Amino acid sequence: MAEPLFRRLALLGIGLIGSSVARIARERGDLAGEVVANARTPATLKRVAELGIADRIEADPAQAVQGADCVMLCAPVGAFAGLAEAIAPHLAPGAILTDVGSTKQSVIRDVGPLVPAGVHFVPAHPLAGTEYSGPDAGFTTLFDGRWCLLTPPPGTDAASVEKIAELWRRCGAMVQTMEPAHHDRVLAIVSHLPHLLAFTICGTADDLEGESRQEVLQFAATGFRDFTRIAASDPVMWRDVFLNNREALLEMLARFTEDAQAMARAVRWGDGAYIEDKILRGRHIRRSLIELKQA
Ligand code: NAP
């Protein structure tokens, strides 16, 4: 077995993503010599102890990061500023501070200025998830064959970036470096807008009255069901993603709205060729995803 990458890995937040990393660390043995877990509520800390997925559990984030050579923020992105403020004076010199947040410009804005000199900040985002949350939701194959995007600010220590890249490779992911603003635009279209649409369509269906609403549930086996899976995601996590990728999300939503209006116009005026062309483009995208093994 290879040497552990880190002596002590502190996970601040141990839900779907944090607990998956903890489980992989336990299974492989070469991520970290020791895993320390921190969460916000006593109920989660108790559950993590029952699951036995961390070597040590700390209720106080400042205590959790003491002596850790890698600290990973795995809470909702809206909590990052408060967490960074609480841990900054307690980070070990030379430690790497990283995160898994779904938005990257906001993380660099909120956390970057609080990182003490001598601590290396390497923002990251594994593109893997499910609609489930909490420490029971994690599993060791979550990141297999998925991308993890690293968005290190200019001047970040190259050896630290490589260590975080290696951590994600050992978690099963493929790693790519990306500029943070570009990351946020790409994620706005591939992840954030689809979630916004799913939450909205479920809300629209839920607002229907009486019989129609009942039939939505009864006959949901059609297209609606796939939206409900996405819409079952954690409300706090997604609230924070929307509020922290506001510009890119609003821009993609505006473009989508224009395209939806064009589709509505084609439906109204019976423009079958336009409708068919759009559907064909959708099929083409699906086929490309399958070929890239990302479906
Ligand atoms: P999750 O399952 O809901 O878990 C969140 C964890 O953060 C819980 O352990 C929670 O503790 C803790 N937490 C919440 N507020 C906190 C605070 N103020 N201080 C300290 N800890 C706090 O969430 P997740 O799906 O793992 O997402 C975690 C991060 O990964 C988010 O930043 C998200 O954007 C990113 N991400 C998510 C996905 C996805 O699809 N889910 C994919 C990639 C990246 P309690 O249980 O005690 O509240």
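Residues numbered from 1 in each chain as written. Predicted model: local features only at pLDDT ≥ 70, side-chain atom pairs only at ≥ 80, totals over all residues. Heavy atoms only, no water.

Caption draft 1: How the structure looks around the overall build of the protein. When you go through the protein residue by residue, the secondary structure sums to 12 helices and 9 strands. Projected onto its principal axes, the C-alpha coordinates of the protein cover approximately 65 × 40 × 35 Å. In the protein, which comprises 295 residues, the share counted as buried stands at 41%. Contacts in the protein between residues far apart in sequence, at least 24 positions, make up 75% of those at least 6 positions apart. Counting only carbon and sulfur atoms, one obtains 56% of the accessible surface of the protein, whose full area is about 15500 Å². (Helix = DSSP H or I, 4+ residues; strand = E, 2+ residues; numbered from the N terminus. Buried < 20%, exposed > 50% of the residue type's maximum accessible area, 1.4 Å probe, protein only. Contact = heavy atoms within 4.5 Å. Areas by Shrake-Rupley, 256 points an atom, 1.4 Å probe, with all protein chains shown as cover.)

Caption draft 2: The arrangement of the pattern of salt bridges in detail. Across all of its chains, the model carries 19 salt bridges by this definition. Each of Arg28, Asp30, Glu162, Glu166, Arg169 and Arg170 takes part in a single network of salt bridges with overlapping partners. (Salt bridge = Lys/Arg side-chain N within 4 Å of Asp/Glu carboxyl O.)

Caption draft 3: Fine view of the site of the ligand. Near the ligand you find 27 residues, and of these Arg40, Thr41, Thr44, Ala75 and Ser102 are the closest. Here Gly15 contributes a backbone N or O atom positioned 3.5 Å from an oxygen atom of the ligand. Interatomic distance of 2.6 Å between a side-chain N/O atom of Thr44 and an oxygen atom of the ligand. The fraction of the free accessible surface of the ligand (900 Å²) that becomes covered by protein chains is 87%. Those elements giving two or more residues to the shell around the ligand turn out to be helix H1 (16-28) and strand S7 (124-126). (Near = heavy atom within 4 Å. Polar contact = N/O pair within 3.5 Å; in protein donor to acceptor, adjacent residues only side chain to side chain.)

Caption draft 4: The arrangement of the sheet that holds strand S4 (residues 70-73) in detail. Read from one edge to the other, the open sheet built from 6 strands follows the order S3-S2-S1-S4-S5-S6, with strand pairing classed as parallel. Unpaired on one side and paired on the other, strand S3 (56-57) and strand S6 (120-122) mark the two borders of the sheet. As judged from the 4 bridges shared by strand S1 (residues 6-12) and S4, these two strands associate in the parallel manner. Within S4, the position partnered with Leu12 by the bridge is Leu73. Across the sheet, helix H4 (residues 80-87) lies against S1, S4 and strand S5 (96-99), angled at about 155° from S4, the strand it touches most. (Pairing = 2+ DSSP bridges. Axes fitted to C-alpha atoms, helices over the stretch in contact; angles between N-to-C directions.)

Caption draft 5: Region of interest: the sheet that holds S7. The strand order across the open sheet formed by 3 strands is S7-S8-S9, and the pairing between neighbours is mixed. Edge positions in the sheet fall to S7 and strand S9 (174-177), since each has one partner strand and no second. Within this sheet the neighbouring strands show an average axis-to-axis angle of 20°, counted without direction. Here 3 bridges tie S7 to strand S8 (residues 147-150), and the two strands are oriented antiparallel to one another. Across the sheet, the residue bridging to Ala124 is Leu150, located in S8. Across the face of the sheet, helix H6 (residues 158-170) comes into contact with S7, S8 and S9 while running at roughly 165° to S8.

Caption draft 6: Quick peek at the packing of helix H7 (residues 180-207) against helix H9 (residues 224-231). The contact between H7 and H9 brings their axes to 8 Å, and the two run at 115°. Put simply, H7 runs roughly perpendicular to H9. Where H7 crosses over H9, the two elements pack in a sense that is left-handed. Facing His195, Ala198, Phe199, Ile201, Cys202 and Ala205 of H7, the residues of H9 in contact are Phe224, Phe227, Thr228, Ile230 and Ala231. For the contact of H7 with H9, the per-class residue count stands at 9 nonpolar, 2 polar and no charged. (Parallel < 35°, antiparallel > 145°, perpendicular 65-115°, else oblique. Left-handed = near helix turned anticlockwise from the far one by under 90°. Nonpolar A, V, L, I, M, F, W, Y, C, P; charged D, E, K, R; others polar.)

Caption draft 7: Examining the domain arrangement of the protein more closely. Assigned domains of the protein: these are domain 1 (6-178) and domain 2 (182-291). For domain 1 and domain 2, the distance between their C-alpha centres works out to 30 Å. Residue-level contacts link 18 residues of domain 1 with 15 residues of domain 2. When the buried surface of domain 1 facing domain 2 is broken down by residue, Ser102, Glu131 and Met178 rank first, second and third, together holding 38% of it. Taken together, the connections running from domain 1 to domain 2 amount to 1 salt bridge. Put simply, Arg229 and Glu131 hold a salt bridge, and the shortest N to O gap is 3.4 Å. For the interface between domain 1 and domain 2, the tally reads 6 residue pairs in polar contact (both at pLDDT 80 or more). No other element matches helix H5 (residues 105-111), which puts 4 residues into the side of domain 1 that touches domain 2. The residue inventory of the side of domain 1 that touches domain 2, partitioned by class, reads 6 nonpolar, 8 polar and 4 charged. (Domains from an automatic or database assignment. Buried area = accessible area lost by both parts, 1.4 Å probe.)

Caption draft 8: Geometry of the packing of aromatic side chains. A complete count under the given rule lists 4 aromatic pairs for this structure. Between Phe143 and Trp168, the aromatic rings sit 5.0 Å apart at their centres with planes inclined by 80°, giving edge-to-face as the arrangement. With Phe143 in the loop between S7 and S8 and Trp168 in helix H6, this pair connects stretches of sequence that are 25 residues apart. For the residue pair Phe143 and Trp168, the accessibility class agrees, reading buried in each case. Both rings, one in Trp238 and one in Phe242, keep their centres 6.1 Å apart while their planes meet at 65°; by these two values the pair is edge-to-face. You can see Trp238 and its partner Phe242 sitting in helix H10 (residues 235-244), 4 residues apart, about one turn around the helix. We note that Trp238, like Phe242, is buried. (Phe/Tyr/Trp six-rings, centres within 6.5 Å; stacked < 30°, edge-to-face > 60°.)

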